[in-house]
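Listed here are the chains, written in short residue letters.
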Amino acid sequence: GFYAKSVETRVGPQRHRISISQTVPYPGMLKTAGKLVEKEVEVAQKKFEIVVRDVVADLKIAYHELAYLDQAIDLTGKNQQLLEHYLAITAKRYANETATLMDLIRAESQIAQLSFDLVLLQELKQVGMVKVNALLDRPTETPIENTILFETEPPEISVSKLEILAIQNRQEIQITDLQIEKLNQTVTMVKLQNKPMIKLNLMTIETGKSTMKVAGNGKNPWIVGFSFSLPWGKSHRNESRIRSVNLSRDHQIDSKKAIQNQTKAEVNRFYFQIKNSERLIELYQKTLIPQAERTIEAIDQTGNITELLEAQSIWLNFHLAWVRAIADHHQDSARLQRLIGKEIR
């Protein structure tokens, strides 16, 4: 600070002063503030993990949908070629009056339906590739070939253990825990804000030489002092803030319970769907598809075109349902892993 007019004293004129002050927070306030920041960092980390987790799960779901469509296109195309062969045989028999017009119409209508199905599947594949490329941050027109429907691996773990893992590892639940801890620290901080604050001061005044010969001529004085604030009238305001924070904490506790209940319900739902897919895969692979193949072989011996077309349609539907069950198994496994927050071992 500079004096507008020098102050004349016995030991000399005072021209300016230099002072330093430092406020000292109440013990525990800085530590509590640090804990609040730590909780905010941990919440941000969990939100980042949620984004990564969701991208991985969405990519698995989109990939297996694309793999199913590739399998469906391959099966439908091969079946169409086979029906075109049957159509040629039927047309020849119809010309020789050994097949009926209905046989010819049935073969033509099934081929037309398969042509429509192929167009639909190809368009769905394009949509699926766009979704996968978007998740991979690649140009939407990037081709994706040679997709594979891997063999299913049933989780060797009970649904009760899956529930426990989900409650322990799901990031949304961990975030509510962190928010509750943060609100507890906030209550501590609000209480500390009602404590007195201490302020330390150190000041010197620049003093010039005096024309008088006195003791201490031109000596700069030093002043050391301290002050503290008394928070008059803040207690009622702080009590209102504490009530508000406690209400927010109760809301977070209720939210945590709701997320836990929802997580348990969804774990059970996806676990059931995975098990159901396993049963369907086994049913089609070991029973229905072999039966359809034996039926086709038996009918092929009789030369009945109508029954052969019907049996071939059933075979195709069984195969499509089989690969659909495999894709569903992988997709529901990805959804279950998203709930649990990590890979199922």
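As the structure is a computational prediction, the values presented were derived from the model and not from experiment. (Residues numbered from 1 in each chain as written. Predicted model: local features only at pLDDT ≥ 70, side-chain atom pairs only at ≥ 80, totals over all residues. Heavy atoms only, no water.)

Enquirer: Just give me the short version of helix 2 (residues 101–135), but keep the residues and values in it.
Expert: Given a rise of 1.5 Å per residue, 35 residues ought to cover 51 Å, and the 51 Å separating the end C-alpha atoms of helix 2 matches this to within 8%. Where helix 2 ends, the next residue or the one after it, Asp137, has phi of about 60°, a positive value. (Helix = DSSP H or I, 4+ residues; strand = E, 2+ residues; numbered from the N terminus. Expected span 1.5 Å × (residues − 1).)

Enquirer: How would you summarise the nonpolar core if you had to cite specific residues and measurements?
Expert: Tyr68, Leu75, Leu83, Leu149, Leu309, Trp315 and Leu316 are the most contacted members of the largest nonpolar core, which has 32 residues in total. When residues of this core are traced back to their parent elements, those giving at least two are helix 1 (29–95), helix 2, helix 5 (235–302) and helix 6 (305–340). If you tally residues by element for this core, the top one is helix 6, at eleven residues. If we ignore the near neighbours within four places in the chain, the residues touching Leu309 are Leu83, Tyr86, Asp103, Arg106, Ala107 and Gln110. Listed in part, the ten residues of the second largest apolar core include Ala166, Phe270, Leu339 and Ile340. (Core = buried A, V, L, I, M, F, W, Y, C linked by side-chain atoms within 4.5 Å. Buried < 20%, exposed > 50% of the residue type's maximum accessible area, 1.4 Å probe, protein only. Contact = heavy atoms within 4.5 Å.)

Enquirer: So what's going on with unusual backbone geometry? Residues and values would help.
Expert: Residue Asp137 is not a glycine yet carries a positive backbone phi of 60°. Looking at where Asp137 falls in the secondary structure, it is placed in the loop between helix 2 and helix 3 (159–169). Given the relative accessible area of 72%, Asp137 is considered exposed. Phi is positive for Asn146, close to 60°, though the residue is something other than glycine. Note on placement: Asn146 falls in the loop between helix 2 and helix 3. For Asn146, a relative accessible area of 70% puts it in the exposed group.

Enquirer: Tell me about the pairing of strand 1 (residues 2–9), residues and numbers included.
Expert: Of all the eight residues making up strand 1, zero are buried; the element is thus mostly uncovered. As paired strands, strand 1 and strand 2 (residues 12–24) are joined by four bridges and run antiparallel to one another. Note on strand 2: the bridge partner recorded for Thr9 is Gly12. (Pairing = 2+ DSSP bridges.)

Enquirer: Explain the sheet that holds strand 3 (residues 198–207) residue by residue, including any values.
Expert: Across the sheet, four strands lie side by side as 1-2-3-4; this open sheet has antiparallel pairing. In this open sheet, the two edge strands, each paired with only one partner strand, are strand 1 and strand 4 (222–228). The sheet shows a mean angle of 35° between the axes of neighbouring strands, direction not considered. Bridge analysis of strand 3 against strand 4 gives seven bridges, and the strand direction is antiparallel. Pairing of Leu200 across the sheet is with Phe226, part of strand 4. (Axes fitted to C-alpha atoms, helices over the stretch in contact; angles between N-to-C directions.)

Enquirer: Outline the side chain of Lys39, listing residues and values.
Expert: Considering the arrangement of structural elements, one finds Lys39 in helix 1. If near-sequence neighbours (up to four positions away) are discounted, Lys39 is found in contact with Leu178, Glu181 and Lys182.

Enquirer: A description of a nonpolar patch on the surface should follow, citing residues and the corresponding values.
Expert: On the surface, Val24, Ile198, Leu200, Phe226, Phe228 and Leu230 cluster together into a nonpolar patch covering about 590 Å² of accessible area. Inspection of the secondary structure assignment puts Val24 in strand 2. A relative accessible area of 35% places Val24 in the partly exposed class. (Patch = residues over 30% accessible without salt bridge, like charges linked within 9 Å, V, L, I, M, F, W, Y side chains within 5 Å. Areas by Shrake-Rupley, 256 points an atom, 1.4 Å probe, with all protein chains shown as cover. Salt bridge = Lys/Arg side-chain N within 4 Å of Asp/Glu carboxyl O.)

Enquirer: Report on the packing of helix 1 against helix 6, specifying residues and quantitative values.
Expert: Two elements in contact, helix 1 and helix 6, have axes whose closest approach is 9 Å; the angle formed by their N-to-C orientations is 175°. One element, helix 1, and the other, helix 6, form an angle in the roughly antiparallel class. Residues that form the contact of helix 1 with helix 6 fall into these classes: 17 nonpolar, ten polar and nine charged. (Parallel < 35°, antiparallel > 145°, perpendicular 65-115°, else oblique. Nonpolar A, V, L, I, M, F, W, Y, C, P; charged D, E, K, R; others polar.)

Enquirer: So what's going on with the packing of aromatic side chains? Residues and values would help.
Expert: For the structure on display, the rule yields one aromatic pair. Ring plane angle 50° and centroid distance 5.8 Å describe the contact between Tyr284 and Phe318, whose orientation is recorded as tilted. Placement of the pair is Tyr284 in helix 5 and Phe318 in helix 6, with a sequence separation of 34 residues. The ring of Phe270 has Arg269 sitting right over it, with the charged end atom 4.4 Å from the ring centre. Note that Arg324 overlies the ring of Tyr68, its terminal NZ or CZ placed 4.2 Å from the centroid. (Phe/Tyr/Trp six-rings, centres within 6.5 Å; stacked < 30°, edge-to-face > 60°. Lys NZ or Arg CZ within 6 Å of the ring centre and 35° of its normal.)

Enquirer: Tell me about the packing of helix 3 against helix 6, and please be specific about residues and values.
Expert: Where helix 3 contacts helix 6, the axes come no closer than 7 Å and their chain directions differ by 50°. Of the possible angle classes, the one that applies to helix 3 and helix 6 is oblique. Here helix 3 contributes Leu162, Leu165, Ala166 and Asn169 to the contact with helix 6, which in turn contributes Leu336, Leu339 and Ile340. Among the residues forming the contact of helix 3 with helix 6, the class breakdown is six nonpolar, one polar and no charged.

Enquirer: Can you lay out the pattern of salt bridges for me, pointing to particular residues and giving the numbers?
Expert: Going through the model one piece at a time under the given rule, you end up with 18 salt bridges. Residue Glu172 is joined to Arg53 by a salt bridge in which the shortest nitrogen-to-oxygen separation is 2.8 Å. Highlighted residues: Glu172 in helix 4 (residues 171–192) and Arg53 in helix 1, separated in sequence by 119 residues. Put simply, Asp58 and Arg338 hold a salt bridge, and the shortest N to O gap is 3.0 Å. With a gap of 280 residues between them, Asp58 in helix 1 and Arg338 in helix 6 connect regions that are remote in the sequence.

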